[in-house]
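Each chain, letter by letter, is given below.
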Amino acid sequence: MEIDPGDLLLFARIVECGSFSLAAQRVGLPKSTVSRRLSLLEAQLGERVLQRTTRKLVLTEFGASLLEHARRVADETEQAGALAQHRQGAPSGLLRVSMPADFANVAMGTMMTRFMHQYPAIALELDLSPRRVDLVAENFDLAIRMGDLPDDASLAARRVTLSKIALYASPLYTSLRGLPEHPDDLFKHDLLSLPPRLNGLIRWKLLRGKTEWERELPVRLLANSPELLVRMAATGVGIAASTELFAREHLQNGTLVRVLPEWAFPIVTGWAVFPGRRLMPAKTRVFLDMLEAAFEEGRPYGV
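Conventions adopted
- Residues numbered from 1 in each chain as written.
- Predicted model: local features only at pLDDT ≥ 70, side-chain atom pairs only at ≥ 80, totals over all residues.
- Heavy atoms only, no water.
- Phe/Tyr/Trp six-rings, centres within 6.5 Å; stacked < 30°, edge-to-face > 60°.
- Helix = DSSP H or I, 4+ residues; strand = E, 2+ residues; numbered from the N terminus.
- Buried < 20%, exposed > 50% of the residue type's maximum accessible area, 1.4 Å probe, protein only.
- Lys NZ or Arg CZ within 6 Å of the ring centre and 35° of its normal.
- Expected span 1.5 Å × (residues − 1).
- Core = buried A, V, L, I, M, F, W, Y, C linked by side-chain atoms within 4.5 Å.
- Contact = heavy atoms within 4.5 Å.
- Pairing = 2+ DSSP bridges.
- Axes fitted to C-alpha atoms, helices over the stretch in contact; angles between N-to-C directions.
- Salt bridge = Lys/Arg side-chain N within 4 Å of Asp/Glu carboxyl O.

### With respect to the packing of aromatic side chains
Phase 1: Within this structure, the stated rule accounts for four aromatic pairs.
Phase 2: Between Phe-115 and Phe-287 the ring centres are 5.1 Å apart and the planes differ by 80°, which places this aromatic pair in the edge-to-face class. Of the two residues, Phe-115 sits in helix α6 (residues 109–118) while Phe-287 sits in helix α10 (residues 282–294), which places them 172 residues apart along the sequence. A single burial state applies to Phe-115 and to Phe-287, both of which are buried.
Phase 3: Three or more aromatic residues link up through ring pairs in this structure, and these residues are Phe-115, Tyr-119 and Phe-287.
Phase 4: Here the guanidinium or amino end of Arg-96 rests over the ring plane of Phe-140, the centre of that ring lying 4.1 Å away.

Shown next, in the form of structure tokens:
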């Protein structure tokens, strides 16, 4: 026999309040619904739990035995509600986040330090592997992903940043190989690029205002790390496609210069992705709020 715990909770509330009317007010249901559900419970159990008179309700012997179990259900329900309320008021627990390693190392250090100071009851677990985790199956709370997202009804997403990708090379490289004056000149240079590579070539699309240039190009170095690409470019081995975030320090100290400065790649969106069919826990909500605030100023941001 499977008994609806909600019916046991109603039974406990009726006994506590001493009347159907007061119990109905407490649980927020019509009196008729409370009375009907208790009658259905008695029919399912095959015995009365309450004797109704015009003046009061009296527990039957069976009802007195059942009341102990009903009160346990009521207590557990209250404790669960208190736990949820506490977690909403004071975020806590383990927060599991997946993000690209380069992004974490270069863009997230300050924000995560501030987050850990502000929310000492939250423990962070970061997955920085290049794989795309299954948030639902692997029980991740949030992931940061770049570019187009697959159509997945189980997930929701918020835009957190916009990435400006451009071309960079070292003064040493340009002094030896010259500066390209047009994207067509890139065929004469050693190129360092993010994946994917198809048939041994990469496809780059560059924009200058409304002018669009798109070609397949031979690549000298392919790596899924924009930070590595700019570091390699700074040593003089080629022209790297990367973002201003990773190139900024090299631009400031003069080990990199912008190549084809009037041209840039299409802007890439950075997303915070999270399970869409769950009520968002407070720990995820405060992390997402701080993440959005960290990138709010100066969009589009050179991530």
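### Concerning helix α1 (residues 5–17)
Phase 1: Taking 1.5 Å per residue as the helical rise, α1 with its 13 residues ought to reach 18 Å, and the 18 Å between its terminal C-alpha atoms agrees with that figure.
Phase 2: Positive backbone phi, at 80°, marks Gly-18, one or two positions downstream of α1.

### Considerations on the nonpolar core
Phase 1: Formed by 35 residues in total, the largest nonpolar core has its most connected members in Met-108, Met-111, Phe-115, Phe-287 and Leu-291.
Phase 2: Sorting elements by how many residues they give to this core places α10 first, with five residues.
Phase 3: Filtering out sequence-adjacent residues up to four positions away, Phe-115 remains in contact with Leu-95, Ile-122, Leu-124, Lys-283, Val-286, Phe-287 and Met-290.
Phase 4: One finds Leu-9, Ile-14, Ala-23 and Leu-50 within the second-largest nonpolar core, a separate group that totals 19 residues.

### A short note on the sheet that holds strand β6 (residues 155–163)
Strand pairing within a sheet occurs via backbone hydrogen bonds; the two strands may be parallel or antiparallel.
Phase 1: As summarised here, the arrangement of the five strands in space is β4-β3-β5-β14-β6, forming an open sheet in which the pairing is mixed. The outermost strands of the open sheet, each flanked by one partner alone, are β4 (122–127) and β6. Averaged over all pairs of adjacent strands, the angle between their axes in this sheet comes to 20°, without regard to strand direction.
Phase 2: With eight bridges connecting them, β6 and strand β14 (residues 268–275) associate as antiparallel partners. Residue Leu-155 lies in a different strand from β14, and its bridge partner there is Pro-275.
Phase 3: On top of the sheet, α6 reaches β3 (93–98) and β4; it is set at about 155° to β4, its chief contact.
Phase 4: The strands touched by α10 within the sheet are β3, β4, β5 (142–146), β6 and β14, with β6 carrying the most contacts at an inclination of about 20°.

### A few points about the pattern of salt bridges
Phase 1: Counted under the stated rule, the structure contains 22 salt bridges.
Phase 2: Note that Glu-42 is salt-bridged to Arg-52, the shortest N-O span being 3.0 Å. Taken together, the positions of Glu-42 in helix α3 (residues 31–45) and Arg-52 in strand β1 (residues 50–52) put the pair ten residues apart, joining distant regions of the chain.
Phase 3: If you follow the salt bridges from partner to partner, you end up with Asp-4, Asp-7 and Arg-37 in one network.

### Focus: the side chain of Asp-141
Phase 1: On the secondary structure map, Asp-141 appears in the loop between β4 and β5.
Phase 2: Under the relative-accessibility criterion, Asp-141 is labelled buried at 9%.
Phase 3: Beyond its immediate sequence surroundings of up to four residues, Asp-141 is in contact with Leu-94, Leu-95, Arg-96, Val-273, Phe-274, Pro-275, Lys-283 and Thr-284.

All quantities given are derived from atomic positions and should not be read as evidence of function.
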